[in-house]
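Reading the structure
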Amino acid sequence: MATKRKKVSPKRKRIRTENGTHTITVAVNGRTFTRAVEPRVLLVDFIRDELRLTGTHIGCDTSHCGACTVLVDGHSVKSCTMLAVQADGRKITTIEGLSEHGRLHPIQEAFKAHHGLQCGFCTAGVVLAALELLQVENAPSEDRIRTAISGNICRCTGYSSIVDSVAAAGEMMRPGKG
Ligand code: FES
Ligand code: FES
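Structural notes, computed from the coordinates. (Residues numbered from 1 in each chain as written. Chains lettered and ligands numbered in written order. Predicted model: local features only at pLDDT ≥ 70, side-chain atom pairs only at ≥ 80, totals over all residues.)

**What about the overall build of the protein?**
Assigned secondary structure in the protein consists of six helices and five strands. Secondary structure elements in the protein, listed N-terminal to C-terminal, are α-β-β-α-β-β-β-α-α-α-α. Considering only residue pairs separated by 6 or more positions, the protein has 57% of its internal contacts joining residues 24 or more positions apart. (Helix = DSSP H or I, 4+ residues; strand = E, 2+ residues; numbered from the N terminus. Contact = placed C-beta atoms within 7 Å.)

Shown next as structure tokens:
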């Protein structure tokens, strides 16, 4: 009896290489990177170890803390829950990509002004999770803000200041402001 061959999509066929790595191309903070990666490499490790963007933190590696949050095609993703190969062809924003020409993004300014961080370990993840909300809603209620950052743990427990910072950032990001 003839054995059924597993179908391989043209894309997977194209990126698979002989030594078992896959060649991926990602746009990170506006720059394009092409790298060969092992299929088991997590996106967070790719970002930190391969691209040396260490502002993305690892707090748990088990999808609980949110310290590793980045934006993938504009949506917040815990990068310890995604493989680097799954990011092939995607647009990624890390905390390093928010400031422009040395000028802080309004959300970073707001966190600074409203004491939205203490030790700062959770901050990159919180900022990017909140930014996903602010990109579609610049006057969110407190409930909406708390829901948006509910996947992010702040071990310094500075949640009130974080919520104030996100609300202030929304105000700064409204048309005609900033
Ligand atoms: S390191 Fe990814 S959720 Fe904690
Ligand atoms: S500011 Fe320290 S963990 Fe959030």
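Next comes the rest of the account.
**Quick notes on the sheet that holds strand β4 (residues 75–78)**
Across the sheet, five strands lie side by side as β2-β1-β5-β3-β4; this open sheet has mixed pairing. Each of the sheet's edge strands pairs with one partner strand only, and the pair in question is β2 (31–37) and β4. Taking each pair of neighbouring strands and ignoring which way they run, the sheet shows an average axis angle of 40°. Summarising the sheet, strand β3 (residues 69–72) and β4 pair through four bridges and their orientation is antiparallel. Looking at β4, one finds that Leu71 is bridged to Ser76. In the packing of helix α4 (residues 123–134) onto the sheet, contacts are made with β3 and β4, and the angle to β3 comes to roughly 35°. (Pairing = 2+ DSSP bridges. Axes fitted to C-alpha atoms, helices over the stretch in contact; angles between N-to-C directions.)

**A look at the packing of helix α3 (residues 106–113) against helix α6 (residues 159–172)**
With their axes 8 Å apart at the nearest point, α3 and α6 run at an angle of 135° to one another. Overall, the two elements α3 and α6 adopt an arrangement that is oblique. As for the relative orientation of α3 and α6, their crossing is right-handed in sense. Touching Pro106, Ile107, Glu109, Ala110, Phe111 and Ala113 of α3 are Ser165, Ala168, Ala169 and Met172, all from α6. Residues of the contact of α3 with α6, tallied by class, amount to eight nonpolar, one polar and one charged. (Parallel < 35°, antiparallel > 145°, perpendicular 65-115°, else oblique. Left-handed = near helix turned anticlockwise from the far one by under 90°. Nonpolar A, V, L, I, M, F, W, Y, C, P; charged D, E, K, R; others polar.)

**A word on the environment of Ile149**
Looking at the element boundaries, Ile149 is found in the loop between α5 (142–148) and α6. For the pair Ile149 and Leu133, spaced 16 residues apart in sequence, the C-alpha separation works out to 9.2 Å.

Everything listed here is a matter of coordinates, which is why it stays silent on function.
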